[in-house]
Amino acid sequence: MFGNFVRRVARIHILLAILGFLVVIVIARSFVARLFTDPLTQLAHPSSKADPEFKQVWEQARTLLQQITHAFPDDPQTWNLAGQIHSRFGRASDAKACWKRCLAIDPKFVEGYHRLGFLATEAGDFKLAAEYYRQACKVDPNSAVYPTLLAEVLMQDGQLEEARHVLEKCLQKHPEAVAARALLAQVLCQLRKDGSAIFHAQ
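Residues numbered from 1 in each chain as written. Predicted model: local features only at pLDDT ≥ 70, side-chain atom pairs only at ≥ 80, totals over all residues. Heavy atoms only, no water.

*Asks:* Got a minute to help me understand the state of the cysteines in this structure?
*Replies:* Each disulfide consists of a covalent bond between the sulfur atoms of two cysteine residues. If you walk through the whole model with that rule in mind, you get zero disulfides. Free cysteine: Cys98, not disulfide-bonded; nearest cysteine sulfur from Cys102 at 7.4 Å. (Disulfide = S-S within 2.5 Å.)

Structure (structure tokens):
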């Protein structure tokens, strides 16, 4: 029984490596070939229907995704990878569904909240992004990353006092968190507390 488990783990790692390698190769080839001809927006969204090469690669990636998710439907890492691939190909709604599947399997899978928060931020829904980052903070209370991301979307949503509170609390636990300190300086500047802002910027 233990041997079967080891073989199962080895198989999933091999499949994930193959899929990741395929995507990396495609992105690298596209970047080199198009760096001086395509706008950055097209490089960031290689799912353009006008590009037959990307369409072909997407079909290959989708086939591998179907095989992996069928073989390991109860592994949140499987759906996390699927979400990242969908996102890289500009398929935000499919990516969102995959990361929600992660959380349905494991509500403490913090990467799911992180990725969903990013999608919501990209869509301009800062209130929803804040909710996802709050969940991430609850799941991983020792992280300095999630409070900083939460404060950033709160700041974008105009909730400066709450952003300030989140960052100050974060810096009490993580005084070395440079990103949180720099963001707090921006928040304080917007709140017109310039003296304190200078301290945090330093």
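*Asks:* Help me out: how do you make sense of helix α8 (residues 145-156) in this one?
*Replies:* Along an α-helix, residues three or four apart share an orientation, since each turn contains 3.6 residues. Here α8 is 12 residues long and its end C-alpha atoms lie 17 Å apart, about the 16 Å a rise of 1.5 Å per residue gives. Within the sequence span of α8, burial applies to Tyr146, Pro147, Thr148, Leu150, Ala151, Val153, Leu154 and Met155. On its buried side, α8 packs onto α6 (110-122), α7 (126-139), α9 (160-173) and α10 (178-190). Of the residues one or two after α8, Gly158 is the one with positive phi, at around 85°. (Helix = DSSP H or I, 4+ residues; strand = E, 2+ residues; numbered from the N terminus. Expected span 1.5 Å × (residues − 1). Buried < 20%, exposed > 50% of the residue type's maximum accessible area, 1.4 Å probe, protein only. Contact = heavy atoms within 4.5 Å.)

*Asks:* So what exactly am I meant to see when it comes to helix α3 (residues 52-71) here?
*Replies:* An ideal rise of 1.5 Å per residue puts 28 Å on 20 residues; α3 measures up with 29 Å between its terminal C-alpha atoms. Buried residues of α3: Phe54, Val57, Trp58, Ala61, Leu64, Leu65, Ile68 and Thr69, and no others. Within α3, the buried residues cover an arc of 135° as seen down the axis, which keeps them to one side. Exposed positions of α3 whose direction lies more than 90 degrees from the buried face are Pro52, Lys55 and His70. (Arc of directions from axis to C-beta.)

*Asks:* Any chance you could explain the packing of aromatic side chains here in plain terms?
*Replies:* What describes a pair of aromatic rings is the distance from one ring centre to the other and the angle between the planes of the rings. Enumeration according to the criterion identifies one aromatic pair in this entry. Relative to Phe89, the ring of Trp58 lies with its centre 5.2 Å away and its plane at 50°, an arrangement referred to as tilted. One end of the pair, Trp58, is in helix α3; the other, Phe89, is in the loop between α4 (76-88) and α5 (92-105), with 31 residues separating them in the sequence. (Phe/Tyr/Trp six-rings, centres within 6.5 Å; stacked < 30°, edge-to-face > 60°.)

*Asks:* I tried to follow the side chain of Asn80 on my own but got confused; where do I start?
*Replies:* Structurally, Asn80 can be placed in helix α4. Ignoring sequence-local partners within four residues, the contact set of Asn80 consists of Trp99, Cys102, Phe109, Glu111 and Arg115.

*Asks:* What should I look at first to understand the packing of α6 against α8 in this one?
*Replies:* Describing two packed helices takes the angle between their axes plus the distance from one axis to the other. Between α6 and α8, whose axes approach to 12 Å, the crossing angle comes to 20°. Between α6 and α8, the crossing angle belongs to the class labelled roughly parallel. Taken as a pair, α6 and α8 cross one another with a handedness that is left-handed. For the pair α6 and α8, contact is made by Val110, Glu111, His114 and Thr121 and by Tyr146, Leu149, Val153 and Gln156, respectively. Looking at the contact of α6 with α8, its residues break down into four nonpolar, three polar and one charged. (Axes fitted to C-alpha atoms, helices over the stretch in contact; angles between N-to-C directions. Parallel < 35°, antiparallel > 145°, perpendicular 65-115°, else oblique. Left-handed = near helix turned anticlockwise from the far one by under 90°. Nonpolar A, V, L, I, M, F, W, Y, C, P; charged D, E, K, R; others polar.)

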